[in-house]
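In case you want the letters, here they are:
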Amino acid sequence: MITAIIYLVKITITRGRINDFKNQLLEEADYFELLELRKVILRTQQNNQEVPVANLLDSNLKIYIVLKMCFFLLASVSNYLDFRPDQKRRMAMRVPKAPGFASMMKEGAKYMHGLDEAVYRNINACKELCETTSSSFGPNGLNKMVINHIEKLFVTNDAASILREIDVVHPAAKILMLASEMQEKEVGDGTNYVILFASKLLENAEDLLRMGLSQSEIIDGYLLAMSKALEILPKLELDVGIKLTKDNLNEHDALISKILQTAISSKLFGYHEFLGELVTRACLVVSNDGTHSFNVDNVRVCKILGGGLLQSSMVSGMVLKREIDSEVTKVQQAKIAVYSCPIDIQVTETKGTVLLKSADELLSFSKDEETGIESQIKAIHDSGINVIVSGGKIGKLFLYYIYLVLVHFTFSILGEMALHFLNKYQIMAVRLMSKFDLRRVAKTIDAVVLPKLRTPTHEEIGYCDNIYLDEIGDTSIVVFKHQKSTISTIILRGSTEQILDDCERALDDAVNNFKALTKEQALLPGGGAAEIELAQQLTTYAQTCPGIEQYAIKRYAETFDCIPKILAENSGCKSTEILAKLYVGHQDNKNLGFLIGSNQAITKERTTQPIDITCETSDMKLNALYDLYITKKWALLFATKAACTVLSVDEIICAKPAGGPKPKENKGWDNDD
Amino acid sequence: MSAITTLNPKAESARQAQALAINISAARGLAEMLKTNLGPKGTMKMLVSGAGEIKITKDGNTLLHEMQVQHPTASLIARAATAQDDITGDGTTSIVLLIGELLKQADLYISEGLHPRIVAEGFELAKKESLNVLDKLKIPLKTNPIDREILVQIARTSLRTKLTLENADLLTEIVVDALLTLHEDGKPIDLNMVEIMEMMHRTESDSRLVRGIVMDHGGRHPSMPKALKNAYILTCNVSLEYEKTEVNAGFFYKNAEERDRLVSSERKFIDDRVQKILDLKKKVCGDDKTKHFVVINQKGIDPFSLDALAKEGILALRRAKRRNMERLTLACGGEAMNSLEDLTKDCLGYAEDVYEHVLGEEKFTFVEGCKNPKSVTILLKGSTKYIMNQLKDGVRDGLRSVVNAIEDGCVIPGAGALEIVTHQALTQYKEQVKGRARLGIQAFAEALLIIPKAVAQNAGHDQQDTIVKLQHEYANSKMPVGVDVTSGEPMDPKSAGIYDNYRVKKQLIHSSTSIATNLILVDEILRAGLSSLRPGAQ
């Protein structure tokens with residue numbers, strides 16, 4: 001405050017004419033948002049006092065007096081009312097007086113530059129972000145309770161969901177968040193890893209900056225270290241005795257189950273064996289479809305509240321939480337027609353009106369209608385169809401005939417009439433609410449979705465082993481069970497919605513891991529073993545670098561410690577001891593890692609948590625704890641890039657945050673088909 | 001009290017020395033702010049918008065646009081920089097620096113009592129002389145065939161000042177190849193024919209040049225083919241969906257049969273159009289299973305039509321962007337059809353490879369392997385939004401610099417060489433000028449040195465030291481010398497392959513001089529009205 005006033009007085013004097021010192025001061029005060037100073041000046045005005053500035057020009061002493069007086073006035077101010085209407089602050093350009101860049105900005109905008117203001121602050125923000133997520137890392141990580149802006153409760157230790165729901169605003173932290181989002185998109189797992197690694201890199205960079213290295217030197221060193229690390233990484237590949245390739249995944253389900261268990265155990269430790277096998281089976285069903293690309297969407301999860309996790313099961317085919325419209329609820333060896341339109345009377349796009357002149361016409365109109373429907377349903381029935389799936393309403397009359405004839409699935413509306421006929425012809429009719437569900441059902445049973453109510457040709461008819469209505473708990477479900485299905489569904493049971501959601505996220509990670517496995521089969525030892533090995537090799541590499549980047553590379557290598565360290569800390573072990581053990585052990589066994597394990601996992605027979613959970617260093621290969629190479633590779637890449645981006649910024653300009661709700665994202669939104 | 005306040009008590013004003021001080025401090029403040037951006041070693045700035053979106057950039061133009069500046073002088077300078085960007089696509093940071101420095105130098109003399117008018121005269125003379133020097137330094141470009149190497153070098157010079165080294169080198173090749181594909185002797189290059197498509201995917205190093213078109217949407221029918229080889233492409237702007245009549249229409253019917261007839265007749269119009277496409281497909285492809293057919297429509301295609309097309313194995317894209325229609329015909333040949341009457345094989349384009357790429361929920365359609373494409377796509381990949389934006393701005397500037405070079409037919413040695421040479425020339429020229437105007441020339445010459453100074457300073461070298469070394473080297477060799485950013489030593493920009501655009505420098509000298517002249521000649525800043533809203537104002 002004092003310096004600001006001295007500064008103000010000085011510039012006013014250097015500007016030459018001070019015939020209007022008071023106004024001048026007001027201007028300046030505005031620019032520096034010195035409300036107190038404004039108050040002082042206004043106060044003097046209210047009291048009809050003139051600020052004595054008349055002959056201030058050369059006298060330092062008088063400046064001092066003015067200042068004194070200002071302070072005196074400041075102290076004497078007891079109340080001050082700001083009458084200025086709000087729009088005043090947003091007024092157009094004014095004749096500016098104060099120098100410096102800050103004064104040129106719009107109201108509310110912030111400008112930060114330099115090491116202290118920008119860089120260290122950014123690093124601190126990232127550190128804080130990391131503190132939030134680090135306790136959720138690993139099998140013994142803790143859950144977070146997050147309540148998001150629409151007051152939905154999440155209980156999870158999945159970093160991606162935590163970050164998504166807490167709405168990160170700080171620009172630097174947001175960069176890390178974007179990096180982890182990218183990891184989620186690219187691999188679908190390892191999001192927490194990205195955040196942890198990037199912020200630990202930044203933390204180490206802070207030390208380097210304080211040591212006197214420049215930002216660009218650190219960035220150079222980090223990038224160098226990253227390329228070296230990516231070079232070393234493939235060499236750490238674990239030889240598991242089986243050569244996995246894209247095409248023989250089906251034959252090694254035991255191994256795959258082990259691999260997927262790593263992902264699940266970091267979310268739901270204890271259930272990993274049970275769920276791992278479930279997911280493996282589900283994934284293998286999907287990957288059998290003959291194409292080389294594995295679509296994560298084809299492994300469906302159907303969450304049904306109630307029961308326990310161990311009652312979850314896997315169905316080859318689709319499971320929908322729907323009821324069946326028709327009276328027929330169970331069909332074996334079903335032949336199915338799939339429609340995206342309502343199973344009802346066809347209507348014109350233009351408004352149609354029935355023009356009737358007599359009662360006879362009215363009677364014949366309804367009759368016509370009925371015969372029309374009956375003939376349609378009959379034709380469908382005659383082609384051997386016994387199930388109709390519709391994306392819309394099924395008319396009741398149609399249903400009646402369907403009952404007589406066959407089962408019929410449509411997507412839109414099954415009109416009342418139609419339903420009637422459907423029932424008459426003994427057809428099962430299922431109505432689906434989402435066009436995506438409709439497409440998936442069509443894919444499961446290998447049918448073609450018809451846009452119009454007509455008799456399908458032989459190729460357009462789908463086939464399914466068994467379709468039936470079932471009830472789990474009090475939820476009725478429609479099951480499409482098909483041996484040769486290319487879609488599989490995992491029915492998850494759990495006691496609360498939060499548990500179900502968390503399970504779904506764990507399964508999601510596992511399925512994504514499987515997808516990654518179809519692209520790249522290399523495995524690395526888990527439990528921080530790969531990291532320790534990387535750290536050691538990088539340190540050796542750093543010693544061969546002559547330049548100043550050596551320091552940065554060394555720090556980069558040290559950063560790898562954080563992974564086993566956090567694993568150990570979260571398990572309540574002494575991290576320093578574990579690290580020391582690991583480093584020593586790595587001299588002769590490069591697969592040594594930190595193992596959180598138990599000799600007995602929870603299975604259907606043993607439903608309680610095993611008593612002896614062990615936390616110790618151990619050989620990862622013997623314990624079959626694998627990480628995917630591809631996950632690590634992208635995680636390192638994204639984390640390093642994000643850290644370097646944060647480091648490379650030395651100035652930040654923030655606009656005043658805009659008010660109002662955020663614009664809604666409507667990605668992929670399309671309502672007309 | 002300024003005279004205006006007696007006329008209008010609500011007006012605000014700043015006069016004479018004060019007005020000048022405002023202008024100079026604003027120009028210098030802005031220059032100071034942007035100074036760290038200049039050159040290949042300049043730092044990045046992070047911009048956070050009101051909605052919390054992040055932008056990381058060192059492109060002067062982007063910065064000036066989004067920097068939230070609200071100051072009359074500063075926005076005047078920002079506008080000059082925008083004009084520079086519009087005309088040449090480069091040199092925005094330089095112009096701000098130069099204006100700031102010109103005012104700083106002028107201030108020295110004005111504070112010693114020199115009249116601003118005299119300084120302005122000196123600036124004017126110096127400008128003319130600088131332009132002469134600029135013309136002398138031109139290095140003509142070999143045409144026929146165009147020297148690819150020099151274009152790569154100029155693109156690299158421009159890109160390296162905007163992006164990280166790695167990304168710049170990658171994009172350099174892409175940019176030059178894109179333009180060489182389009183270039184035809186004697187015809188101006190239309191930059192709109194280079195589509196820039198972003199994909200949030202993998203890393204920047206996966207960006208590439210697609211000799212064809214990439215569209216950011218895909219087939220809308222699940223059973224349409226995802227990848228086609230050897231495809232004929234029909235580009236059209238015909239509605240394939242039912243459109244309601246303009247007038248209020250209605251149907252009257254009295255039985256179900258009549259209604260069914262109406263239903264089918266309603267669709268007949270569209271079905272006929274679809275049939276025409278199907279006929280053409282049969283005619284062109286016949287029973288040949290290796291030939292395929294693609295329809296790209298600017299208007300909509302409804303589910304029924306999609307279904308009919310999908311059945312024939314046709315990939316149909318609807319609601320293509322208008323600008324892509326033009327590009328498509330340029331890339332793969334054929335014509336954009338506005339009606340489906342008289343379709344012949346000649347209306348069709350051809351591409352070897354048409355395939356769909358799905359990224360999460362977004363679909364992209366690639367049309368690649370065209371014969372002699374006259375429109376290409378630069379496919380940018382990157383992991384985050386801010387990287388994409390950075391790349392996009394960079395590519396745009398890179399393209400502009402190459403086109404400028406081709407259109408100018410010449411380039412200028414870069415790395416601050418021009419400024420060193422001009423400074424020397426102006427110092428000599430000063431001797432021939434009589435009177436106080438020579439002080440203005442002196443100021444101008446000094447101001448020019450800000451460019452090599454800033455480049456050296458950003459690279460972590462001592463600016464004075466570098467300038468002295470450069471001047472010494474130039475005096476000895478009489479060859480243009482520039483700053484070597486890695487060592488801080490003088491070097492020959494020609495052998496290092498660092499070139500600037502002729503028109504960028506020309507525009508730079510022109511507009512910075514005129515803005516600076518305008519600013520120092522201001523002796524009163526007025527703003528009328530509305531101050532009464534403030535309780536403190538009188």
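Here the residue numbering is sequential within each chain, running from 1 through the sequence in written order. By the order in which they are written, chains take letters starting at A while ligands take numbers starting at 1. For a predicted model such as this one, the threshold for reporting local features is a pLDDT of at least 70, and the threshold for listing and counting side-chain atom pairs is 80 or more; totals across whole chains, interfaces and linings nevertheless cover every residue. Hydrogens and water molecules were not included; the side-chain quantities draw on all heavy atoms of the structure.

- Named according to an unreviewed UniProt entry, chain B is Chaperonin originating from Didymodactylos carnosus.
- As recorded by UniProt, the Sequence similarities (unreviewed entry) comment attached to chain B reads in full: "Belongs to the TCP-1 chaperonin family."
- UniProt positions are given in the numbering used here, feature names are shortened, and annotations may be inferred rather than shown by experiment. In its Subcellular location (unreviewed entry) section, the UniProt record describing chain B reads: "Cytoplasm".

- Within an unreviewed UniProt entry, the label attached to chain A reads T-complex protein 1 subunit theta, and the organism entered is Didymodactylos carnosus.
- According to UniProt, the comment filed for chain A under the heading Sequence similarities (unreviewed entry) is "Belongs to the TCP-1 chaperonin family."
- Note on chain A: under the UniProt heading Subcellular location (unreviewed entry), the record states "Cytoplasm".

### A closer look at the environment of A:Leu450
Residue and element names in this part refer to chain A.
- Helix and strand labels come from DSSP, where a helix needs a run of H or I of at least four residues and a strand needs a run of E of at least two; each type is numbered from the N terminus. The topology assignment puts Leu450 in strand 13 (residues 449-450).
- Of the residues examined, Leu450 reaches a relative accessible area of 1% and is grouped as buried.
- With 170 residues separating them in the primary sequence, Leu450 and Thr280 have C-alpha atoms 34 Å apart.
- Ignoring anything within four residues of it in the chain, the contact list for Leu450 reads Val338, Tyr339, Ser340, Cys341, Pro456 and Glu460. Each residue is assigned to one of three classes by its accessible area relative to the maximum for its type, calculated with a 1.4 Å probe on protein chains only: buried under 20%, partly exposed between the two thresholds, exposed over 50%. Residue contacts are counted whenever heavy atoms from the two residues lie within 4.5 Å of one another.

### Thoughts on the sheet that holds strand 5 (residues 194-200) of chain B
Residue and element names in this part refer to chain B.
- Note on pairing: two strands pair once DSSP finds at least 2 bridges between them. The strand order across the open sheet built from 3 strands is 5-15-6, with neighbouring strands paired in mixed fashion. Edge positions in the sheet fall to strand 5 and strand 6 (208-210), since each of these pairs with one other strand and no more. Each adjacent strand pair in this sheet contributes to an overall mean axis angle of 30°, direction not counted.
- The pairing of strand 6 with strand 15 (residues 376-382) spans 3 bridges and is classified as antiparallel. By the bridge assignment, Val210 is partnered in strand 15 with Thr377.
- Here helix 12 (residues 385-408) sits on the sheet in contact with strand 5 and strand 15, set at roughly 145° to strand 15. Axes here refer to lines fitted to C-alpha atoms; in helices the fit is confined to the stretch in contact. Angles between the N-to-C directions go from 0 to 180 degrees.

### A word on unusual backbone geometry
- Phi angles above zero are rare outside glycine, and A:Asp446 is one such case at about 60°.
- One can find A:Asp446 in the loop between helix 15 (435-445) and strand 13.
- Positive phi, close to 60°, is recorded for B:Asn230, a residue that is not glycine.

### As for the packing of aromatic side chains
- Centres within 6.5 Å are what make two rings of Phe, Tyr or Trp a pair, Trp counting through its six-membered ring; a difference in plane orientation under 30 degrees is then read as stacked, over 60 as edge-to-face, and the rest as tilted. For the structure on display, the rule yields 9 aromatic pairs over all chains.
- With a centroid separation of 5.6 Å and 85° between ring planes, the pair formed by A:Phe197 and A:Tyr556 is classed as edge-to-face. With A:Phe197 in helix 8 (residues 191-211) and A:Tyr556 in helix 18 (residues 549-559), this pair connects stretches of sequence that are 359 residues apart. Judged on exposure class, the residue A:Phe197 and its partner A:Tyr556 are both buried.
- Site record: aromatic cluster; members linked through ring pairs are A:Tyr193, A:Phe197, A:Tyr222, A:Tyr556 and A:Phe560.
- Throughout this description, the term charge over a ring refers to an Arg CZ or Lys NZ atom that lies within 6 Å of the ring centre and within 35 degrees of the ring normal. In this arrangement the basic side chain of A:Arg210 is found over the ring face of A:Tyr120, its NZ or CZ atom lying 4.1 Å from the centre.
- Directly above the aromatic system of B:Tyr502 lies the positively charged group of B:Lys138, at a separation of 4.8 Å from the ring centroid.

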